[in-house]
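Residue-level listing of the chains:
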Amino acid sequence: MTFFTKIKNLWPLALLSLFSLIFFHQFVFQGLLPIPSDIIVGAYYPWLINAPTGIAVHNPLPSDVVSLTYPLRLLAISYLKSGILPFWNPHILAGVPLLANFQAAAFYPLNFLYLLSDNFSLVWSWQVVSQSLLAAFFMYLFLRSNSLGKISSLFGSLIWGLGGFHSLWAQYNTVFHAILYLPLILWSVKVSAKRPLFYLFTSLGIAASLTAGNPPMSLILLFGVAIYAFFEYGRDIRKYLGLSCFVALGVGLALPQILPGLEATRNSIRDYDQVAAGSGIKFLPLHKLITLTTPDFFGSPSTYNLWSLAGLYDNLTVYFGVIPLAVFLAGLYSLTRKNRLYLFSLLIFIVSLILLVDNPLGRFIGNLNVLGLSAMVMTRFSALTNFALAAGSAVVLNELSRKKITYGQFIKPLLLVLSMTIVPLTIMLFIWRLWAPTIPPIPIDFFPPEVLSFPNTLMVSFRNSFVPIFQIIISLFFIFLAVKISRARKPVFLVILFFSLTFFDFYRFFTKYNSFTPQSYLYPENKITQFLKKEENRFVTSRDPIMPPNMWLVDGLKSINGQDTLHSVYYNQFISLINFDNLNRVTDRFVQVRNFDSPLLDFLNVKYILALKWKEGRPDTSGKPNYPLDDPT
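Conventions used here
Here the residue index of a chain counts from 1 through its sequence in written order. For this predicted model, a pLDDT threshold of at least 70 governs which residues receive local features, and a threshold of 80 or more governs which side-chain atom pairs are given and counted, while totals over whole chains, interfaces and linings are taken from all residues. The side-chain values count all of the structure's non-hydrogen atoms but skip hydrogen atoms and water molecules. In this description a helix means any DSSP run of H or I spanning at least four residues, a strand means any run of E spanning at least two, and both kinds are numbered starting from the N terminus. Buried means the residue's accessible area, taken with a 1.4 Å probe over protein chains only, is under 20% of the maximum for its type, while exposed means over 50%, and partly exposed covers the values in between. Any pair of residues with heavy atoms lying within 4.5 Å of one another is described as a contacting pair. Here the open area of atoms and residues is found with the Shrake-Rupley method and a 1.4 Å probe, where only the protein chains shown may cover a residue. Put simply, two rings from Phe, Tyr or Trp (the six-membered ring, in Trp's case) pair if the centres are within 6.5 Å, and we call them stacked under 30 degrees between planes, edge-to-face over 60, tilted for the rest. Working convention: axes come from line fits to C-alpha atoms, limited for helices to the stretch in contact. Angles between N-to-C directions cover 0 to 180 degrees. These descriptions rest on fixed angle ranges, namely under 35 degrees for roughly parallel, over 145 for roughly antiparallel, 65 to 115 for roughly perpendicular, and the rest for oblique. By convention the crossing between two helices is left-handed if the near helix lies anticlockwise of the far one by an angle smaller than a right angle, and right-handed if it lies clockwise. When a carboxyl oxygen of Asp or Glu lies within 4 Å of a side-chain nitrogen of Lys or Arg, that pair is called a salt bridge. Side-chain atoms within 4.5 Å link the members of a nonpolar core, which is a set of buried Ala, Val, Leu, Ile, Met, Phe, Trp, Tyr and Cys residues. pLDDT is defined as a per-residue confidence score from the predictor, taking values between 0 and 100. By definition, no residue in a patch forms a salt bridge, and every one has over 30% relative accessible area; like charges are joined within 9 Å, nonpolar side chains (Val, Leu, Ile, Met, Phe, Trp, Tyr) within 5 Å. Given the number of residues in a helix, its expected span is that number minus one, multiplied by 1.5 Å. Directions are taken from the helix axis to each C-beta atom, and the arc is the one they span. Here the rule is simple: two strands pair whenever DSSP picks up at least two bridges between them. Under this grouping Gly is polar, as are all residues other than the nonpolar Ala, Val, Leu, Ile, Met, Phe, Trp, Tyr, Cys and Pro and the charged Asp, Glu, Lys and Arg. Think of a polar contact as two N or O atoms within 3.5 Å of one another; within protein, one of them needs to be a possible hydrogen donor and the other a possible acceptor, and neighboring residues in sequence only count if both atoms come from side chains.

A. Main features of the overall build of the protein. Within the protein, the secondary structure is distributed over 27 helices and nine strands. Counting across all 633 residues of the protein, residues that qualify as buried make up 54%. The long-range fraction of contacts in the protein, counting pairs at least 24 apart against all pairs at least 6 apart in sequence, stands at 75%. For the protein, the exposed surface amounts to about 27,900 Å²; the carbon and sulfur share of it is 66%.

Structure, rendered in structure tokens:
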């Protein structure tokens, strides 16, 4: 094979790179960072002081990016570049473990990028972009190893690398990093049967996942690997033993991250923290299955029209494209017994839905006190659902390209997905028509906001259902047209249609949800932080929207407040002694001093209380705080 032939064969990878550049064009060509820093300057003081006219926040939901994952990684990298192991974070909660905090991802291999530049935000942004590139490349490699064609492998790579799960979690720079190595490891498992040296990619992939900053996603990855190994190895015990050795090697490589994390977890408030459970995100409610076809049926945080029953959008949305779903379902009749990869995908699809949806079996498994399942947000298993649709739909499209599946086999799945989109709308409209006249005029407060403004809420659902319905109708129209025009029956035309609709659907979903902001929004200088930088003492913040947890870390400030799931249970009890005169009380990951009159604040070296002053509902620099600082309630 000549050099030019090899270059020519790389066009699918070049195309995947182009797809990622299009998704992140605002960063690549306009210099806007894929960081939701508009939350900083548009929602919180003291940065709001510099923007008196207000800055619109595109999407307020991913605030953990700027208050948790970004600051922690920044601190860890700054230590490492100074030649210091990042053992300790002195800036929040009077000091907490840093290296032991998985979300800091201090030893993640891709952190080498930070050695190439001193511009942390720029490297962070390229690390965000790298997720889609790596995920798509690894998926392409895996699908090609299963003898799929280039076009169908591209389709599966698009669904995995730029699909719904990526769109929801990309900007956290941890969650998707921890799962994107799944197809690389599966490729290694497949090819290592004949070339054992390739097992090293299993070890490297597992080590990278375990240090990427989200252990639950690493457990989900290992779960997917275990199921695939069963499909590949059958009853061959020797292959399982070989794979186990390299899995153990991968875990061993990650031990510098794992061991401190386990020790910190053992002494932390992890077992007491009920924030995730209390927010209703552990399992997916049955009504949220509507998001399989209509992600914004219950509104979107980026358009500020979420229903109150919608819950946390990122954890409770399972959208991976209506076309991929229909294409995947088209293989049920003909491929379940014929194609091992499709059968594996179908099993992963079913099992992942069982585990993430609220049902008796899923609850039983999710509440087991094994491997951290009881504390895991089970809705994250939607990553495997996304993977299953990517691999399974690639197999179906490959069979279509080989003319082993006809146009007609897509009609029923498309109609099924169409009904999954239209039926919920019809039911809502029917219920409203029946129930609205019977709603009594009083008491108003008894009804949730959606009931009182149901016509507007219903219009949100109708409006957001238009795009998925349009995609399905266009596909059905083309298939019916092909019946009349013989030239239109060539598989390539339907493949191009599915590819185009899916790409633009993912692009719309990604750009609607994710924020791109100018560098100037990222923790800009202000008089308050400048003043506090001159002091060695710690400070506390009031209950106003001022300096939310951990955001002061970027400026090197120190406080006894903060947010950390791994902070010491003893420290938490000490703050409870300050707030409630109760040493035995343990709260959650969010620590906020409420009793500003306690003499114990001196013991913690607290000198300043940072609080807003209000006058007639507006901040006023000469007024008084909106509540007594010694009020413990």
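That was the structure; now back to the text.
B. Representation of the packing of aromatic side chains within the structure. Summed over the entire model, instances satisfying the criterion amount to 44 aromatic pairs. Between the aromatic rings of Phe223 and Phe381, the centroid separation amounts to 5.9 Å while the plane-to-plane angle is 90°, which identifies the pairing as edge-to-face. Of the two residues, Phe223 sits in helix H11 (residues 215-233) while Phe381 sits in the loop between helix H18 (360-366) and helix H19 (382-401), which places them 158 residues apart along the sequence. What makes Phe223 partly exposed here is its relative accessible area of 30%.

C. Layout of the environment of Ala94. Positionally, Ala94 belongs in the loop between strand E1 (88-89) and strand E2 (96-97). Sequence-wise, Ala94 and Leu604 are 510 residues apart; in three dimensions their C-alpha atoms are separated by 7.4 Å. Among residues more than four places away in sequence, those in contact with Ala94 are Arg538, Ser559, Ile560 and Tyr571.

D. The packing of helix H7 (residues 150-161) against helix H24 (residues 491-513), seen in detail. Where H7 meets H24, the closest approach of the two axes is 11 Å, and the angle between their N-to-C directions is 15°. When the axes of H7 and H24 are compared, the pair comes out roughly parallel. Like other packed secondary-structure pairs, H7 and H24 cross with a definite hand, here left-handed. When H7 is examined against H24, the residues Ile151, Leu154, Phe155, Leu158 and Ile159 are found in contact with a partner set consisting of Val495, Phe498, Phe499, Thr502, Phe503 and Phe506.

E. Expanded view of the side chain of Ser559. Mapped onto the fold, Ser559 is located in the loop between strand E3 (538-541) and strand E4 (562-563). Relative accessible area serves as the criterion here: at 0%, Ser559 is assigned to the buried category. Excluding residues within four positions of it along the chain, Ser559 makes contact with His91, Ile92, Leu93, Ala94, Arg538, Phe539, Val540 and Trp552.

F. Structural view of the pattern of salt bridges. The tally for this structure, following the rule as stated, stands at 10 salt bridges. Between Lys512 and Asp296 there is a salt bridge; the shortest N-O distance is 2.6 Å. Pair noted here: Lys512 is in helix H24 and Asp296 is in the loop between helix H14 (275-278) and helix H15 (322-329), with a separation of 216 residues, a long-range link. Note on accessibility: Lys512 and Asp296 belong to one class, buried. The closest approach of N and O atoms between Lys607 and Glu535, which form a salt bridge, is 3.5 Å. Of this pair, Lys607 sits in strand E6 (residues 606-610) while Glu535 sits in the loop between helix H25 (527-533) and E3; the two residues are 72 residues apart in sequence, bridging distant segments of the chain. Here the salt bridges do not stand alone but share partners, grouping Glu525, Lys533 and Asp555 into one network.

G. Structural context of the nonpolar core. Grouped together as the largest cluster of nonpolar side chains are 187 residues, with contacts concentrated most on Phe142, Phe165, Ile179, Tyr181, Phe344 and Phe410. If we skip the residues at most four places from it in the chain, Phe142 touches Pro183, Leu186, Trp187, Tyr228, Leu341 and Phe387.

H. The confidence of the model for the protein, seen in detail. Mean pLDDT over the protein works out to 87, with 90% of the residues at or above the 70 mark. Taken as a whole, residues 625-633 scores under 50 in pLDDT and shows 21 contacts with residues more than four places along the chain or in a different chain.

I. Structural context of unusual backbone geometry. Here the residue pair Tyr45 and Pro46 is connected by a cis peptide bond, since its omega of 10° sits within 30 degrees of zero. You can see Pro46 is positioned in the loop between helix H4 (38-43) and helix H5 (64-81). Here the phi dihedral of Asn173 falls at roughly 65°; this positive angle occurs in a residue that is not glycine. Mapped onto the fold, Asn173 is located in the loop between helix H8 (164-169) and helix H9 (182-191).

J. A look at a nonpolar patch on the surface. There is a patch of nonpolar side chains on the surface, built from Leu197, Leu200, Phe201, Leu204, Leu249 and Leu253 and spanning about 560 Å² of accessible area. Among the elements of the structure, helix H10 (199-210) and helix H12 (237-253) are those that each provide at least two residues to the nonpolar patch. The biggest single contributor to the nonpolar patch is H10, with three residues. Looking at the secondary structure, you find Phe201 in helix H10.

K. Region of interest: helix H13 (residues 255-266). Given a rise of 1.5 Å per residue, 12 residues ought to cover 16 Å, and the 16 Å separating the end C-alpha atoms of H13 matches this to within 8%. Those residues of H13 that sit buried are Gln257, Ile258, Gly261 and Ala264. An end-on view of H13 places all buried positions within 135° of arc, on one side of the element. Within H13, the exposed residues directed more than 90 degrees away from the buried face are Leu262 and Arg266.

L. Here's a closer look at the environment of Leu494. Mapped onto the fold, Leu494 is located in helix H24. Looking at Leu494, the relative accessible area reads 0%, which means it is buried. Along the chain, Leu494 and Ala482 lie 12 residues apart, while their C-alpha atoms are 9.5 Å from each other. Among residues more than four places away in sequence, those in contact with Leu494 are Leu400, Tyr407, Phe410, Phe478 and Ile479.

M. Region of the structure containing the side chain of Ser218. The residue Ser218 is located in helix H11 in this model. A relative accessible area of 1% means that Ser218 is categorised as buried. If we ignore the near neighbours within four places in the chain, the residues touching Ser218 are Ala178, Ser209 and Leu210.

N. View of the pairing of E3. Burial along E3 is two-sided: the face carrying Arg538 and Val540 and the face carrying Phe539 and Thr541 are both buried. Here four bridges tie E3 to E6, and the two strands are oriented parallel to one another. Of the residues in E6, the one forming a bridge with Phe539 is Tyr608.

O. Region of the structure containing the packing of helix H6 (residues 120-145) against H9. Packing of H6 against H9 brings their axes to within 8 Å, and their N-to-C directions diverge by 25°. Classified by the interaxial angle, the pair formed by H6 and H9 is roughly parallel. Note that H6 runs across H9; the crossing there is left-handed. Note on element contacts: H9 touches H6 through Pro183, Leu184, Leu186, Trp187, Lys190 and Val191, opposite Ala135, Phe138, Met139, Leu141, Phe142 and Ser145. Across the contact of H6 with H9, the residue classes tally to 10 nonpolar, one polar and one charged.

P. Geometry of H12. With 17 residues, H12 ought to run about 24 Å at 1.5 Å a step, and its terminal C-alpha atoms sit 25 Å apart, in line with that. Of the residues making up H12, those classed as buried are Gly242, Leu243 and Gly250. Across the axial projection of H12, the buried residues extend over an arc of 95°, all falling on one side. Exposed side of H12, more than 90 degrees from the buried face: Ile237, Arg238, Leu241 and Cys245 are the residues found there. Residues of H12 that are buried in the fold lie against H9, H10 and H11. Its side-chain oxygen at 3.3 Å from the backbone nitrogen of Arg238, Asp236 defines the N-terminal cap of H12.

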